Amino acid sequence: MKNDLQALADGLLKKVIAISGTLELIEEGKEELREATARADEPFVFTSELGVVKTKRGSTAAFKGQAPVLNQAVWDALPEQKKKQLLGAGVVSLQDQYSQNRKPSVEITPSTAALKKAA
């Protein structure tokens, strides 16, 4: 099984190496479209027999206001009666918290020598 997985990994590396120059060109083209969209301050849609390319406006961070933040250490140190009082008054509400579901990740990093050879 490990040999099969090694062959699969090698195949992925070969594909990434083969398209590495194309990926760079794609990223450069996308950056040009981002800059044009920012200059025009309007989105674009380009349609051809090849498909569709759409741009969207960007946005800068803007102050929206302030919101209360719970200090978890202080909350944990409060007596149960005080916690019940704050919950009852509606000052605090409790929400169930779950860890994030993550699928196994795959990172593909071709060697510099392989990329130079492909260029």
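Please read all numbers here as calculations on a predicted model, not as lab measurements.

Novice: Whenever I open this one, the overall build of the chain confuses me. Can you help?
Specialist: When helices and strands are counted, the chain shows four helices and two strands. Relative to the globule expectation of 14 Å for 119 residues, the C-alpha radius of gyration of the chain, 26 Å, shows a markedly less compact shape. Overall, the chain is about 70 × 55 × 30 Å in size when its C-alpha atoms are taken along their principal axes. For the chain, restricting intrachain contacts to residue pairs at least 6 apart in sequence, the fraction spanning at least 24 positions comes to 24%. On the chain, roughly 11300 Å² of surface is accessible, and the fraction owed to carbon and sulfur atoms is 55%. Considering the chain, the positive charge centre built from 17 side chains and the negative charge centre built from 15 side chains are found 6 Å apart.

Novice: I keep staring at the layout of surface pockets and nothing clicks. Help me out?
Specialist: To find leftover empty space, one rolls a probe the size of a water molecule over the atoms. Estimated volume of the largest pocket: approximately 270 Å³. Taken together, 14 residues form the lining of the largest pocket, with Val-69, Leu-70, Trp-75, Val-92 and Ser-93 sitting closest to its centre. Considered class by class, the residues forming the lining of the largest pocket number 10 nonpolar, four polar and no charged. What the second largest pocket holds in volume is close to 180 Å³. Taken together, Ile-26, Lys-30, Leu-33, Arg-34, Thr-37, Val-53, Lys-54, Thr-55, Lys-56, Arg-57 and Gly-58 make up the full set of residues lining the second largest pocket. Of all elements in the fold, only helix H1 (2–40) and strand E2 (51–54) reach the threshold of two or more residues within the lining of the second largest pocket. Here the lining of the second largest pocket takes five residues from H1, the largest share from any one element.

Novice: Just checking my understanding: could you explain unusual backbone geometry for this structure?
Specialist: Phi is mostly negative for residues that are not glycine, and the peptide bonds are mostly trans. Even without a glycine there, the phi angle at Asp-41 is positive, about 55 degrees. Relative to the helices and strands, Asp-41 is located in the loop between H1 and strand E1 (45–48). Under the relative-accessibility criterion, Asp-41 is labelled exposed at 52%.

Novice: Help me out: how do you make sense of a negative patch on the surface in this one?
Specialist: On the surface, Glu-24, Glu-28, Glu-32 and Glu-35 cluster together into a negatively charged patch. Examined against the element boundaries, Glu-32 turns out to sit in helix H1.

Novice: How should the pairing of E1 be read in this particular structure?
Specialist: Consecutive side chains along a regular strand alternate between the two faces of the sheet. Inspection of the sheet shows E1 paired to E2 by four bridges, in the antiparallel sense. If you follow Phe-46 over to E2, its bridge partner there is Val-53. From the end of E1 to the start of E2, which pair antiparallel, there are two residues.

Novice: I keep staring at a nonpolar patch on the surface and nothing clicks. Help me out?
Specialist: Taken together, the side chains of Met-1, Leu-5, Leu-8, Leu-12, Val-106 and Ile-108 present a nonpolar region at the surface, about 620 Å² in accessible area. Looking at where Leu-8 falls in the secondary structure, it is placed in helix H1.

What counts, and where the lines are drawn
Residues numbered from 1 in each chain as written. Predicted model: local features only at pLDDT ≥ 70, side-chain atom pairs only at ≥ 80, totals over all residues. Heavy atoms only, no water. Helix = DSSP H or I, 4+ residues; strand = E, 2+ residues; numbered from the N terminus. Rg over C-alpha atoms; globule rule 2.2 N^0.38 Å. Contact = heavy atoms within 4.5 Å. Areas by Shrake-Rupley, 256 points an atom, 1.4 Å probe, with all protein chains shown as cover. Lys, Arg positive; Asp, Glu negative; His and termini not counted. Charge placed at Lys NZ, Arg CZ, Asp CG, Glu CD. 1 Å grid on protein atoms, 1.4 Å probe; cavity = no way out; pocket = protein on both sides within 12 Å on 5 of 7 lines; lining within 4 Å. Points joined across faces, edges and corners; volume = space filled by probe spheres on them. Nonpolar A, V, L, I, M, F, W, Y, C, P; charged D, E, K, R; others polar. Buried < 20%, exposed > 50% of the residue type's maximum accessible area, 1.4 Å probe, protein only. Patch = residues over 30% accessible without salt bridge, like charges linked within 9 Å, V, L, I, M, F, W, Y side chains within 5 Å. Salt bridge = Lys/Arg side-chain N within 4 Å of Asp/Glu carboxyl O. Pairing = 2+ DSSP bridges.

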